[in-house]
Structures are given as structure tokens and as C-alpha cells.
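Chains, contacts and geometry: an overview
Read off the chains here:
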Amino acid sequence: MIQPMIRLAIWGVSARQKDVIQEMHRLGVLHIGQGKGPRGEDPAGLASLRLLRSKILGLVESLGWSDWAGITGDSVESVEKLMSGLSPEELTHEIEKSLEEFAVRLASLLKEKNDSEELLARLKKGKETLDLFASFFRHGRTRESTALWLVTEENANGAVAALKTAYSARGEGWEGRVHFVSGKDAFGVLGVRIPRGLEGETGKILTERKALPWDLSELCPGVSAECRLEAVEKRIEELSSRLAVIAADLKRTSSEWGPRLGALFMFLDGKTEQASVEAGLTLSPNSFGLFGWIPEDALEATVAALKEKFGDDVLLQWRRPEEGEWGRIPTSLKNPSLSAPFELFLKLLSPPSYTGVDPTGAIALFFPFFSGCMVGDIGYGAVLFLIALKLKRNAGEIVRKIGSILLAVSLWSMAWGAAWGEFFGDTGHRLFHMEPLWVERSESVTPVMAFTVALGAAHVMLGLLIGVWQGVRNRQRHQWMEKSGNFVILFSFIIGLMVLKAELHGAFFSIPIILLIVGLVLLIGGGGIGGIIEAFGSFGNIISYVRIAAIGLSSAILAMVASSFMDVFGLSVLGVTLAVMIHLLNFVLAIGGSGLHAARLHYVEFFGKFYSGNGEEYKPFQRRSGSSWKKQ
Amino acid sequence: MEKAIIAIAAALAVGIPAIATAYAQAKIGTAGAGTVAEKPETGGTIIILEALPETMVILGFVVAIMLILRFA
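Thresholds, definitions, all that
What you see as residue numbers is a count from 1 along each chain, following the sequence as written. Whichever chain is written first is A, and whichever ligand is written first is 1; the rest continue in order. Local features in a predicted model are, by the rule used here, given only for residues with pLDDT of at least 70; side-chain atom pairs are given and counted only at 80 or more, and totals for whole chains, interfaces and linings are based on all residues. To obtain the side-chain values, all non-hydrogen atoms of the structure were used and water was disregarded. For helices the rule is a DSSP run of H or I covering at least 4 residues; for strands it is a run of E covering at least 2, with both sets numbered from the N terminus onward. Type-normalised accessible area, obtained with a 1.4 Å probe on protein chains alone, sets the label of each residue: buried when under 20%, exposed when over 50%, and partly exposed for intermediate values. Between two residues, a contact is recorded if the distance between any of their heavy atoms is within 4.5 Å. Computed with the Shrake-Rupley method and a 1.4 Å probe, the accessible areas treat only the protein chains shown as cover for residues. In summary, the charge assignment counts Lys and Arg as positive and Asp and Glu as negative, without counting His or the chain termini. Lysine's charge is taken at NZ, arginine's at CZ, aspartate's at CG and glutamate's at CD. Summed over both partners, buried area is the accessible surface (1.4 Å probe) that two parts give up on being assembled. One side-chain nitrogen of Lys or Arg within 4 Å of one carboxyl oxygen of Asp or Glu is enough to make a salt bridge. Each residue after the first adds 1.5 Å to the expected span of a helix. Note that the bend at a residue is defined as the angle between axes fitted to the seven residues ending at it and the seven residues starting at it. Known as pLDDT, the predictor's per-residue confidence is scaled from 0 to 100. Boundary definitions for the domains trace back to an automatic or database domain assignment. A residue counts toward a patch only above 30% relative accessible area and without a salt bridge, and it is joined to like-charged neighbours within 9 Å or, for Val, Leu, Ile, Met, Phe, Trp and Tyr, to nonpolar neighbours within 5 Å. Two strands pair if DSSP finds at least two bridges between them. Stacked, edge-to-face and tilted labels apply to pairs of Phe, Tyr and Trp rings (six-membered ring for Trp) whose centres lie within 6.5 Å, assigned for plane angles under 30 degrees, over 60, and everything in between, in that order.

1. Observations concerning the overall build of chain A
- Within chain A one finds 18 helices and eleven strands.
- Once the C-alpha set of chain A is aligned to its principal axes, its extents read approximately 120 × 85 × 50 Å.
- Relative to its full complement of 632 residues, chain A shows a buried share of 47%.
- In chain A, once contacts between residues fewer than 6 apart in sequence are set aside, the share between residues at least 24 apart is 81%.
- For chain A, the accessible surface area stands at approximately 32,200 Å², while carbon and sulfur atoms represent 61% of it.
- Counting 65 positive and 67 negative side-chain charges, chain A places the averaged centre of each group 1 Å from the other.

Given below as C-alpha cells:
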């Protein structure tokens, strides 16, 4: 239901301006919609407050803390108490001073963490290569020197041959103490073990072959090549321990400082919002005016709170909206607790206009019904019921709402499961001789399809009726004529079908024909040629509801296929595993597909008949909860 | 022979719309992925748009079922 709104104007002396804004922020009911008065300048310090807010957000994100839902109103109020009476400049100065030391410590900790992680990654990469030369180093004799060189694959053989030639010429024996490992980009690492004293000559030969020494000296300085693997392993161990200490330190800091910084951020966010509103007030030298929209049921309490706090310092005026203002009034929805979670569906669209219709009640009624009809299995419904209960206990508001929606879907799934006689496909029939209360949908396809088309006709015609009512209420002749013409034409076809089916006398045909003519007149009068196209579209919309039967049928068949694995493989591990896996797949497909298609039937087929989503969302001036600021 | 022709007809009734649906969904999916990257809040709308072309294959499936039930 769309709540009736009241235009509230608050006039006061400039001295009480800040207090009034703060009180309205606390009350959190006024959707601010200013008049065309001159806009004041940004208060001093607003820019620095915004900058500080961003800095704190940066600190919070650096800490990796995100438990915004855990910040209570009390924690923000305690910050408010501490900071009360300070001007924006003083506030910025105080907070910056108190955060200075923490910010430096956090930055140094994060820098050390990043540097250590980078070094650790390089060491691990280096170790991977050194591991390939482990036995090469192990067999090194004390009178020999070991070195690693980076060399291209095509030069590697040439380099080895040159080394052999050089040592043979000197009479030194060459016993194949060389090991080459290919790497990326045609480069590889060449391990060379040579008698001590020949390092210089070897280096010269390899350099001529464009080889580069790969000594890892920057990672473990002052360590000989033979001991490098051990040194790298030791360094990795040290760094890993240090990183664990840093991680623990950061975790402790995050749990200690995260909620404080979060509360501080929320406080500053509120202050910044208040300062922005203050800048947007209509000004005169000694007074101010604050205007906005407030739900009718919140008016009494708001007026009482303002009167009690400010007495005669403020003048309050309120009135119902005038017709010329309808386009500017924000839309606030209020639904009973059972249907309120279904408001989530409207979040994907712009909200209904103030003079429009809130379809939440209809969605709450039809969405679970359609979705449950598609799933139509007692077993799947029971599993979904348990999942929904779990989701409903979640801390997140959106997740809880999804849980409520799924709960309704699960109940209808079980009800339709009883109608179709399905419990994990035909398992119920096999084990408990379960029989359908209505029909078995995998056998009686045509009646189910006819039923879903009839369901579609009812749903589409309900949408048209809402469109007619909306047109009449808003005095939009074209709308109500077009929608009613469309409705009458559909109705005439239904009557015609009934006459045909009941094989009544030909004279009865005059009723649908008269209705058809009346409908066409209304349709052309309201929507012209476009109206006729719209009428054809309505028939297409109704046929589209056959998807309820089609998706349900495919789900039922897949469930039967899953159970039939038990026939093929018997009561074996393989048979049971395959059956469970296919049932799981079918469950996911059934829930996802049914939800998606039931939503689509609402968005395209149903809403298309009446919904005009060009409203403005009701956004009261209040402390933003949780992480809602992220959406800004 | 007649049954084989009916089976082929049913297969075509599902297969051709399935190809059309796949083509449309691929196009919508590509554009949708780009949109979601720019504006993550449009995710829900994109999912609905992605489901729109499925009407073709669902109606094809219904036609196939009708063919099998009526003629096979």
C-alpha cells in the first residue's frame, strides 16, 4: 500500500536551525524536498568533514573490517555525546589528532605486511627453481664451486660445449657437472659446478654466451650458492612466522578499532548530511525554512516531538498534497508483515508513482503460487522450507526477506506436490504408494497446460482491472478506456469459448460478439491503433503462462529420471549417489527456474498492464544504517 | 516411419527455438555483463532480461509435447 503523505513546513529562527536539523535527523521521517528559495553556502568545514569521512572509510577498509550491521545506534550516540558542541573545524581537528598515531601505526604494519608478502612470493618462486637443483648442490664437493646462470635455451648447449672445450684445453676433467632447467620465455637456468679458482674464466665464457648470473644474492645476501637453498627455506619460514604475527596483530586491531571507526564514520556521515541539508535551506537573514514530505501516520508523533523540544521557537505547517504536486511526492510503501518481504521485487524497478498502485499484495499472493506450482514436489518443498527457515534467522535484512519469500514458495511447493502426487519425483509413489490429489502432471499434460493458461488469463485480467481502476482514479480517460476495452475483449473470448464448449444454442453467440464490439470501441477510443496491438499482446501474455506447466513438467521428468537410476543400478552406492546428484541438480534448477520465470510473469505480463514506475523513492533524512551509504 | 517423423518434428520444435534462444541470451548476456560491471545494482534486472528469450524454447517445448501427445 502506498502511504498517504503530508507536506510539512518547519519555520524557525536561525539560532535554532542546527538543533532543528539535528532533531529531524534523529526522528528520521522527513523526506526533504526544498522549495525554490536561495540556497545557502556550504558551512565552513563541510569540505574537511567530507575528507575526514573518506579518510576514516579508507582506514576501515585497510583494516578489512566490514561488520557495519553490528554498529548500534547506542555506539553512534556515544560518539555524538563525546563530540557534542564542537564546530566542524574543531571536530575535524580533534578526530585527526586522535587518529594520527593509529593511522601511522596501521600504515607501517600494512607496509611491512605488503613488503613481506612480496618478498615471500619471490622467495617461494626462487625456491621452486632451487629445488630443481637440490641434488646438484647436495653432491657438490668442497673443492668445487657451484653457480646458477640464466641463459636462453638455444645458447645453453653452446655454453656447455664452450666450457668443456675450455676445461679440456687446461687439462681439467669435465664430468658432466652441469644441469639445465627450461623456464618461461625460452630462458632456462643452467647450474654449473666447477673447480674452485675457475669462477672468473667460467663467468667470462658464459657471459660471452649472453648468460646472466642468477645468484639470488638480494634475497639471501652473503650466502654461498651451495647453502642458498637452506638459506631460502629458513628465510621463508621466518617470513611466514612474521606474517602470521602481523595477521594476528591486524585481526586484533580490526576487532578493537573497526567498530570504533565504523561508529565514528556513521557519526561523521550524519554530520555531513546535516551540514549539506543546512546549506540547502531557504534562507532569510534571521530565519530558516525546512520543507519536506512525511508519512501521514508519522505526523502526529513528529509534531509532538518538535513542539516539546522547540516550543514556540518553530512554526509548523502541514497540509495534504495538491494535485499539481503529485509528480514530486515520494512514494513510501507500507505492507503487512506477511507481504512486506515481497516489496523486494519492486527494488528492481523504479518505485510506483504516488498516484499509482502498489502491487506488493498481488505479488505476495501470486508469486509463491506460480513458483510453487512449477516446483510442485513435497520433498523439494520440505528441503526449501528448511533452507528458508535458516535464511530467516540470518542477520542481513535482505537475506531475511528472501527467506520469507522462499518460505511461502516452499509451502506452495508442498501443496502443489500433494496435488501432483510428487515426493522427490515418483519416489513417494514407489515407497508409500502416494497418489496425486488432482493429476499426475507427467501423464496429464493437456489439463495442466489448460489450467496454467486459465491462470494466466485471470492474472492478466486482474492486471487490466487494476489499470482501469488506476485510470479512473487519476482521471486518465485514455488509460481506463484502453484497459477496459482490452479486458472486455478478453472476456468476450472467454465467454465465446464457454459457449462453444457447452455446445449452447447459436443465439448465445450474440453475447460475446456484442462484448467484442464494445471492447473494440473502448480499445480504439482509448488507445487507437496501438490499443489493438496491445490487445494482441495480451493474448500472447496469456499464452506465456503455459511456461508454468512446461517448466513444472521438465522438473517432474528430471526428478523421475533421477529416481530411475535406482532401477538401473539398484540400491548400490553408485545408484544412490547418481540419484542424489540428479535430484540436487533438479532442485537447484527448479528453484532457480521457477523463481526467475514467476518473477518474469509478474514483471512483463502482469505489471505491463498497469504499473507506471516513475515514482520517487521515499528517502527520509536520517542516520544511514549498516552499509547503505555504499549505494550512494 | 510415421513415429520417426513425429519425433523429428518434435525435436525441431524444441531445437530451432533453442538455438534462437541461445543466440538471444548470448547477446543479452554479453551486454548484461558489461552493464553489471558498470552498475552492479542492475544485476537483478539483467537476470530478468536474460530470462526473456526463454519464452521461445518453452513454447517450442510445449509444441513438441503436443505433437507427441496428439500424434505419437
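2. A few points about the interface of chain B and chain A
- Contact residues are listed per partner, giving 15 residues for chain B and 18 residues for chain A.
- For the pair chain B and chain A, the summed buried area comes to about 1,400 Å², and 81% of that belongs to carbon and sulfur atoms.
- Contact with chain A buries area across many residues of chain B, yet I48, I58 and F61 of chain B alone supply 33% of it, more than any other trio.
- Taken together, chain B and chain A are joined by zero salt bridges.

3. Some thoughts on helix α17 (residues 546-569) of chain A
Residues and elements named next belong to chain A.
- With 24 residues, α17 ought to run about 34 Å at 1.5 Å a step, and its terminal C-alpha atoms sit 35 Å apart, in line with that.
- Of all the bends in α17, the largest measures some 25° and sits at S563.
- Just downstream of α17, G570 is the residue with a positive phi angle, here 70°.

4. A look at the confidence of the model for chain B
- Of all residues in chain B, 100% attain a pLDDT of 70 or more, and the chain-wide mean is 89.
- Taking the mean pLDDT of every element in chain B, the minimum, 83, falls on helix α2 (residues 43-51) of chain B and the maximum, 94, on helix α1 (residues 2-38) of chain B.

5. A few points about the domain arrangement of chain A
- We note that the domain assignment places domain 1 (5-97 + 258-331), domain 2 (124-237) and domain 3 (340-430 + 444-610) within chain A.
- Centre-to-centre, using C-alpha coordinates, domain 2 of chain A lies 73 Å away from domain 3 of chain A.

6. Focus: the environment of S594 of chain A
Residues and elements named next belong to chain A.
- One can find S594 in helix α18 (residues 573-606).
- Put simply, S594 and L315 are 279 residues apart on the chain and 55 Å apart in space, counted from C-alpha to C-alpha.
- Sequence-distant contacts of S594, defined by excluding residues within four places in its chain, comprise S371, M374, V375 and L589.

7. What to know about a nonpolar patch on the surface
Residue and element names in this part refer to chain A.
- Taken together, the side chains of L497, L500, F509, I513, I517 and V521 make up a nonpolar region of the molecular surface, amounting to roughly 590 Å² of accessible area.
- Listing elements by their share of the nonpolar patch, those giving two or more residues are α15 (477-501) and α16 (510-544).
- At three residues, the largest contribution of residues to the nonpolar patch is made by α16.
- Considering the arrangement of structural elements, one finds I513 in helix α16.

8. So, the pairing of strand β5 (residues 187-195) of chain A
All names here are of chain A.
- Here β5 lies mainly inside the structure; eight of its nine residues are buried.
- The pairing of strand β4 (residues 178-182) with β5 spans five bridges and is antiparallel. Opposite H179, over in β5, you have G191 as the bridge partner.
- Between β4 and β5, which follow one another and run antiparallel, lie four residues, and D185 among them has a positive phi close to 55°.

9. Overview of the packing of aromatic side chains
Residues and elements named next belong to chain A.
- With the rule as written, the count across this model stands at 26 aromatic pairs over all chains.
- Their ring planes at 75° and their centres at 5.1 Å tell us that W11 and F291 sit as a pair that is edge-to-face. Highlighted residues: W11 in strand β1 (residues 5-13) and F291 in strand β8 (residues 287-295), separated in sequence by 280 residues.
- Using a relative accessible area of 33% as the deciding quantity, one classes W11 as partly exposed.

10. Examining the pattern of salt bridges
All names here are of chain A.
- Scanning all chains against the criterion turns up 24 salt bridges over all chains.
- Residue E96 pairs with K55 through a salt bridge whose shortest N-O separation is 2.9 Å. With E96 in helix α4 (residues 88-132) and K55 in helix α2 (residues 46-63), this pair connects stretches of sequence that are 41 residues apart.
- Across the pair E422 and R441 runs a salt bridge, and its minimum N-O distance is 2.9 Å.

11. A few points about helix α1 (residues 17-27) of chain A
- Of the positions making up α1 of chain A, those classed as buried are Q17, V20, I21, E23, M24 and H25 of chain A.
- Within two residues after α1 of chain A, G28 of chain A carries a phi angle of roughly 60°, on the positive side.

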